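Summary of the model geometry
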Amino acid sequence: MEAEGFLARMMQLRQKADYNCAYDISEKDLADQIQTSKDFIKIIEELLAK
């Protein structure tokens, strides 16, 4: 996972959700982002534990 790409995608989704009242995200895209978020958190936790 590339943290840069992940963070950019999350920012894009956040902006669309904040400023586009009719923004839709597919269930698959949502599930993918949830899993990627969990992976990202795990990496951060591992780095903090060092």
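In the block above lies the structure referred to throughout.
The present account deals with the structure reproduced in this document.

Conventions adopted
- Residues numbered from 1 in each chain as written.
- Predicted model: local features only at pLDDT ≥ 70, side-chain atom pairs only at ≥ 80, totals over all residues.
- Heavy atoms only, no water.
- Helix = DSSP H or I, 4+ residues; strand = E, 2+ residues; numbered from the N terminus.
- Rg over C-alpha atoms; globule rule 2.2 N^0.38 Å.
- Buried < 20%, exposed > 50% of the residue type's maximum accessible area, 1.4 Å probe, protein only.
- Lys, Arg positive; Asp, Glu negative; His and termini not counted.
- Charge placed at Lys NZ, Arg CZ, Asp CG, Glu CD.
- Salt bridge = Lys/Arg side-chain N within 4 Å of Asp/Glu carboxyl O.

**Remarks on the overall build of the protein chain**
From N to C terminus, the protein chain includes two helices and zero strands. Relative to its length of 50 residues, the protein chain is extended, with a C-alpha radius of gyration of 13 Å against a globular reference of 10 Å. Seen along its three principal axes, the alpha-carbon backbone of the protein chain occupies a region of about 45 × 20 × 15 Å. Counting the 50 residues in the protein chain, one finds 10% classified as buried. Across the protein chain, the 7 positively charged side chains and the 10 negatively charged ones have centroids separated by 2 Å.

**Observations regarding the pattern of salt bridges**
For the coordinates displayed, the defined rule picks out one salt bridge. With a shortest N-O distance of 2.9 Å, Asp32 and Lys28 are connected by a salt bridge. Pair noted here: Asp32 and Lys28 are both in helix α2 (residues 27-49), with a separation of four residues, about one helical turn. By relative accessible area, Asp32 is classed as partly exposed at 33%. The exposure class of Lys28 is exposed, given its relative accessible area of 56%.

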